[in-house]
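# Observations on chain architecture
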Amino acid sequence: MPQSLGLVSVVVRDYDEALAFYVDTLGFTLREDTYQPAQDKRWVVVAPPGAKESGLLLARATSEQQRARVGDQTGGRVFLFLYTDDFWRDFAAYKAKGVVFVREPTQESYGTVAVFQDLYGNLWDLLEPTHSGGDN
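Residues numbered from 1 in each chain as written. Predicted model: local features only at pLDDT ≥ 70, side-chain atom pairs only at ≥ 80, totals over all residues. Heavy atoms only, no water.

As a further point, take the packing of aromatic side chains. The way to describe two aromatic rings as a pair is by their centre distance and the angle between their planes. If you walk through the whole model with that rule in mind, you get eleven aromatic pairs. Both rings, one in tyrosine 22 and one in phenylalanine 28, keep their centres 5.9 Å apart while their planes meet at 40°; by these two values the pair is tilted. Per residue, the accessibility class of tyrosine 22 equals that of phenylalanine 28, and both read buried. Taken together, a centroid distance of 5.7 Å and an interplanar angle of 85° make the contact between tryptophan 88 and phenylalanine 91 edge-to-face. Placement of the pair is tryptophan 88 and phenylalanine 91 together in helix 3 (residues 87–96), with a separation of three residues, close to one helical turn. Feature note: the residues Phe21, Tyr22, Phe28, Phe87, Trp88, Phe91, Tyr94, Phe101, Phe116 and Trp124 constitute an aromatic cluster, connected by ring pairs. (Phe/Tyr/Trp six-rings, centres within 6.5 Å; stacked < 30°, edge-to-face > 60°. Buried < 20%, exposed > 50% of the residue type's maximum accessible area, 1.4 Å probe, protein only. Helix = DSSP H or I, 4+ residues; strand = E, 2+ residues; numbered from the N terminus.)

All right, on to helix 1 (residues 15–25) then. Of the residues making up helix 1, those classed as buried are Tyr15, Ala18, Leu19, Phe21, Tyr22 and Thr25. The N-cap of helix 1, judged by a side-chain oxygen 3.0 Å from the amide nitrogen of aspartate 16 a few residues on, is aspartate 14. (Polar contact = N/O pair within 3.5 Å; in protein donor to acceptor, adjacent residues only side chain to side chain.)

When helix 3 is considered as a whole, its buried residues turn out to be Phe87, Asp90, Phe91 and Tyr94. Angular distribution of buried residues about the axis of helix 3 spans 100°; they occupy a single face of the element. Of the surrounding elements, those touching the buried residues of helix 3 are helix 1, strand 5 (78–83), strand 6 (101–108), strand 7 (111–117) and strand 8 (123–129). (Arc of directions from axis to C-beta. Contact = heavy atoms within 4.5 Å.)

Moving on to the domain arrangement of the protein chain. Here the protein chain is partitioned into domain 1 (1–70) and domain 2 (74–135). Here the C-alpha centre of domain 2 lies 19 Å away from the C-alpha centre of domain 1. Facing the 17 residues of domain 1 at the interface are 13 residues of domain 2. Seen at the junction of domain 1 and domain 2, the total is zero salt bridges. Our count for the contact surface shared by domain 1 and domain 2 stands at six residue pairs in polar contact (both at pLDDT 80 or more). Sorting the residues of the side of domain 1 that touches domain 2 by element identifies strand 1 (7–12) and helix 1 as the ones contributing at least two each. Counting residues per element, the side of domain 1 that touches domain 2 draws most heavily on helix 1, which supplies six residues. Counted by class, the side of domain 1 that touches domain 2 contains eleven nonpolar, two polar and four charged residues. (Domains from an automatic or database assignment. Salt bridge = Lys/Arg side-chain N within 4 Å of Asp/Glu carboxyl O. Nonpolar A, V, L, I, M, F, W, Y, C, P; charged D, E, K, R; others polar.)

Structure representation (structure tokens):
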């Protein structure tokens, strides 16, 4: 039976500010934004352009424990890996939109990579792989 990773939850402070970052700044596509009145929450899914199976579920923090995790879901390690077919195009576009890079670009054996922060401080690799392993 084939399997795939569908969604990864990212705990956010506010749906709309998260959407502004992921859609307006990073250029992700809004796949779904559905209000769920029984839980007083929204089902908000975004994905990088060209992503076929995977996406991010933007999950608003609703408790103190969840609010404490916003921006620190992995204890300071790189959390997500954004693969690209043109590193320098995306790096320049993100820099122009004010995305903060905490590690400048380097050429590694596996590809060209730099580390940036999302609006909450979660760390991401922007990576153009040297092989086809980054295909969605």
